[in-house]
Amino acid sequence: MLLRPLAVIMLGGTTVFLLRDLFLNPAGVGVVRIGTIAFVAVATILLFAAGDLSLGRLRALEIVLFVSVSVHILVLDHGLLLQEAAAGDAGLVLSRWNLTALSFVLLMATYAIFVPNTWARAAAVIVPLGAAPIALGVLVRARHPEVELLTRSVLTASKITDVVFLLSIAVIVSILGVILIDRFRSVAIDARSANVYDLQERIGQGGMGEVWLAQHQTLARPAAIKIIRPDLLGGGAKDSTRMVTRRFEREARATAGLRSPNTVEIYDFGVTNQGVFYYVMEYLEGLNLETLVKRFGPLPPARAIYLLRQACASLAEAHTRGLVHRDIKPANIHACRLGGEHDFVKVLDFGLVKEQGTHGDTQLTVDGLTTGTPAYMPPELAMQAELIGPATDVYALGCVAYWLVTGKLVFDQPTPMAMVVDHVKTQPAAPSTRTELLIPASLDAAILKCLEKNPADRFATMRELSAALSDVPLEGTRWGPSEAEDWWSLHQPVALGELPKAS
């Protein structure tokens with residue numbers, strides 16, 4: 001834990017300055033300075049005495065340390081600025097302000113190096129640190145006219161611009177440093193995995209983790225490694241972090257136990273010494289259904305049915321084993337080129353998998369983590385009032401079917417909450433009314449049956465849904481292996497290269 005040695009350094013530095021002033025300038029030692037050192041001391045003691053701390057508590061202690069040291073520097077330099085101004089030396093005042101700026105540059109660099117973080121959280125700390133010396137200069141000149149008068153000749157616009165420019169560059173460099181260091185930390189796979197796979201590039205990033213392209217060193221087989229970093233686990237309490245780790249262990253075990261060729265294959269999983277959870281899955285050459293429709297537009301009914309029936313096959317096996325996916329959406333269904341086959345479907349991310357016959361995920365739900373995606377969320381999942389079963393995935397796959405043939409969401413609302421409310425209360429329009437493509441009436445009916453509010457009114461199983469899709473009359477149009485191969489041959493430069501994303 002890098003925060004512990006950093007806390008010792010900060011405590012030692014502030015204490016040295018306090019002892020120096022106790023001997024050289026006792027009058028300059030105020031309550032604020034003693035208080036800030038006390039805060040640093042308490043934070044240091046907690047870091048060493050509390051053992052393994054939750055992410056939330058570490059974040060709180062991190063803020064205490066940097067705020068305390070910042071206050072200490074500002075109070076110390078405020079007093080020194082006034083002393084040097086009282087001596088009538090404008091040059092010393094300017095030098096003191098420059099030293100204040102350099103102190104905060106050092107503080108920003110220290111934060112970037114020692115505190116693992118995302119760039120957004122880091123920016124929320126680094127930007128105020130960069131602004132602190134400027135705020136101090138403005139405050140002193142505004143509250144002490146004699147200082148403003150004394151420094152008017154030396155504190156020119158160019159000098160002020162130089163300091164502001166220095167601090168701005170320091171802010172930008174520190175945030176970029178956080179991004180680069182974060183990237184290296186995020187691939188800190190333990191020795192067992194690192195000796196097997198070479199990580200090559202990050203190919204996906206989302207709220208739940210990252211996906212890296214890797215290659216097996218001895219088999220020369222490509223793989224995708226999903227990494228769940230501690231700062232992406234959500235939750236502040238230690239128990240919450242443990243729950244989320246269990247959730248991803250469950251995803252890996254559940255997916256690895258499925259044998260359908262339409263379910264993504266899991267090669268390995270584990271937890272690194274740094275507490276980073278990862279699993280290794282097969283590399284998929286193609287693109288997910290969300291990207292497919294965004295890039296090429298709504299699909300002909302025949303092709304949509306061809307893809308949907310493969311997704312049904314994957315989910316049918318999961319349901320047979322007593323598992324419900326609960327996060328079916330276009331981004332989690334991948335159309336790929338697999339060997340000599342094209343438009344081969346793989347269902348990804350069983351991270352919300354739930355045993356049938358149980359209520360909503362009350363045990364493994366953590367603040368900050370969504371249990372499903374609003375645009376594809378069944379009413380019972382939104383309300384957490386009904387038993388979760390195969391009908392939950394049937395509804396979500398109906399939303400996916402709607403997206404495939406129309407290029408539109410079932411309920412296109414500006415906010416997630418409005419979408420959820422519509423899924424609970426509003427009857428959807430037939431897909432055929434929202435697209436210029438010719439949608440067979442039986443396909444319309446099948447999709448709308450999937451979207452029934454009452455789970456009992458939907459298809460009872462994925463096999464029933466697949467059978468209904470196979471019965472849709474396509475009036476001379478068809479989609480099969482040869483049509484899929486022709487399409488991929490024509491669109492290969494655009495289509496290939498889209499890899500599984502972290503969700």
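### Here we look at the overall build of the protein
So, step 1. The helix and strand tally for the protein stands at 17 helices and 10 strands.
So, step 2. Contacts spanning at least 24 positions in sequence make up 72% of the contacts within the protein whose residues lie at least 6 apart.
So, step 3. If you sum the accessible surface of the protein, you get close to 22,600 Å²; carbon and sulfur atoms cover 62% of it.

### Examining helix 15 (residues 441–450)
So, step 1. Within helix 15 the residues assigned to the buried category are L443, D444, A446, I447 and C450. The buried residues of helix 15 occupy an angular sector of 165° when projected down its axis, which confines them to one face.
So, step 2. Taken together, the buried residues of helix 15 touch helix 11 (301–320), helix 13 (390–406) and helix 16 (462–470).

### Looking at the pairing of strand 5 (residues 277–282)
So, step 1. When you tally the buried positions in strand 5, you get six out of six residues, the bulk of the element.
So, step 2. Sheet analysis places strand 3 (residues 222–228) next to strand 5, joined by six bridges and oriented antiparallel. Across the sheet, A224 pairs through a bridge with M281, a residue of strand 5.
So, step 3. In terms of strand pairing, strand 4 (residues 266–271) meets strand 5 through five bridges, oriented antiparallel. Each bridged residue has a counterpart across the sheet, and for I266 the counterpart in strand 5 is M281.

### Let's talk about the confidence of the model for the protein
So, step 1. On average, residues of the protein carry a pLDDT of 81, and 79% of them reach 70 or more.
So, step 2. Note on residues 358–370: pLDDT is under 50 here. Beyond four places in sequence and across chains, it has 31 contacts.

### With respect to unusual backbone geometry
So, step 1. Even without glycine at this site, R326 takes up a positive phi of about 75°.
So, step 2. With respect to the helices and strands, the residue R326 is situated in the loop between strand 7 (323–324) and strand 8 (333–338).
So, step 3. Looking at R326, the relative accessible area reads 4%, which means it is buried.

### Comments concerning the packing of aromatic side chains
So, step 1. Within the structure shown, the criterion is met by three aromatic pairs.
So, step 2. For the ring pair F66 and Y111, a centre distance of 4.9 Å and an interplane angle of 80° mean the geometry is edge-to-face. Here F66, found in helix 3 (residues 55–86), pairs with Y111, found in helix 4 (residues 90–114); they are 45 residues apart in sequence, far enough to count as distant.
So, step 3. We classify F66 as buried; its relative accessible area is 2%.
So, step 4. Judged by its relative accessible area of 0%, Y111 falls in the buried class.
So, step 5. Through pairs of rings, three or more aromatic residues link up here, namely F296, W487 and W488.

### Description of the nonpolar core
As a rule of thumb, nonpolar side chains are buried together in soluble globular proteins.
So, step 1. Within the largest apolar cluster, 56 residues are counted, with the highest numbers of intra-cluster contacts made by L397, V400 and L404.
So, step 2. Among the elements of the structure, helix 10 (289–296), helix 11, strand 8, strand 9 (341–347), helix 13, helix 15, helix 16 and helix 17 (481–495) are those that each provide at least two residues to this core.
So, step 3. For this core, the element with the highest residue contribution is helix 13, accounting for 11 residues.
So, step 4. In this structure, L404 is in contact with L289, V293, P298, L299, A304 and L308, ignoring residues within four places of it in sequence.
So, step 5. Of all hydrophobic cores here, the second largest spans 39 residues; its members include L94, L107, I126 and I175.

### Focus on a nonpolar patch on the surface
So, step 1. On the surface, W119, F165, I169, I172, V173, L176 and I179 cluster together to form a nonpolar patch covering roughly 700 Å² of accessible area.
So, step 2. The leading source of residues in the nonpolar patch is helix 7 (residues 157–186), at six residues.
So, step 3. Relative to the helices and strands, W119 resides in helix 5 (residues 119–143).
So, step 4. The class of W119 is exposed, set by a relative accessible area of 53%.

### Regarding helix 13
So, step 1. Here helix 13 is 17 residues long and its end C-alpha atoms lie 24 Å apart, about the 24 Å a rise of 1.5 Å per residue gives.
So, step 2. The buried count for helix 13 comes to 17 of 17 residues, which makes it a mostly enclosed element.
So, step 3. Remark: G407 follows helix 13 within two positions and exhibits a positive phi of approximately 75°.

### Brief notes about the packing of helix 11 against helix 16
So, step 1. Where helix 11 meets helix 16, the axes come as close as 8 Å, and the angle between the chain directions of the two elements is 165°. By the criterion of interaxial angle, the relationship of helix 11 to helix 16 is roughly antiparallel. Judged by the twist between their axes, the crossing of helix 11 over helix 16 is left-handed. Contacts between helix 11 and helix 16 involve I305, L308, R309, C312, L315, A316, H319 and T320 from the first element and M462, R463, L465, S466, L469 and S470 from the second.
So, step 2. Tallied by class, residues from the contact of helix 11 with helix 16 come to eight nonpolar, four polar and two charged.

### Section: the environment of F269
So, step 1. Mapped onto the elements, F269 comes out in strand 4.
So, step 2. Sequence-wise, F269 and V280 are 11 residues apart; in three dimensions their C-alpha atoms are separated by 6.0 Å.

The rules we used
- Residues numbered from 1 in each chain as written.
- Predicted model: local features only at pLDDT ≥ 70, side-chain atom pairs only at ≥ 80, totals over all residues.
- Heavy atoms only, no water.
- Helix = DSSP H or I, 4+ residues; strand = E, 2+ residues; numbered from the N terminus.
- Contact = heavy atoms within 4.5 Å.
- Areas by Shrake-Rupley, 256 points an atom, 1.4 Å probe, with all protein chains shown as cover.
- Buried < 20%, exposed > 50% of the residue type's maximum accessible area, 1.4 Å probe, protein only.
- Arc of directions from axis to C-beta.
- Pairing = 2+ DSSP bridges.
- pLDDT = per-residue confidence, 0-100.
- Phe/Tyr/Trp six-rings, centres within 6.5 Å; stacked < 30°, edge-to-face > 60°.
- Core = buried A, V, L, I, M, F, W, Y, C linked by side-chain atoms within 4.5 Å.
- Patch = residues over 30% accessible without salt bridge, like charges linked within 9 Å, V, L, I, M, F, W, Y side chains within 5 Å.
- Salt bridge = Lys/Arg side-chain N within 4 Å of Asp/Glu carboxyl O.
- Expected span 1.5 Å × (residues − 1).
- Axes fitted to C-alpha atoms, helices over the stretch in contact; angles between N-to-C directions.
- Parallel < 35°, antiparallel > 145°, perpendicular 65-115°, else oblique.
- Left-handed = near helix turned anticlockwise from the far one by under 90°.
- Nonpolar A, V, L, I, M, F, W, Y, C, P; charged D, E, K, R; others polar.

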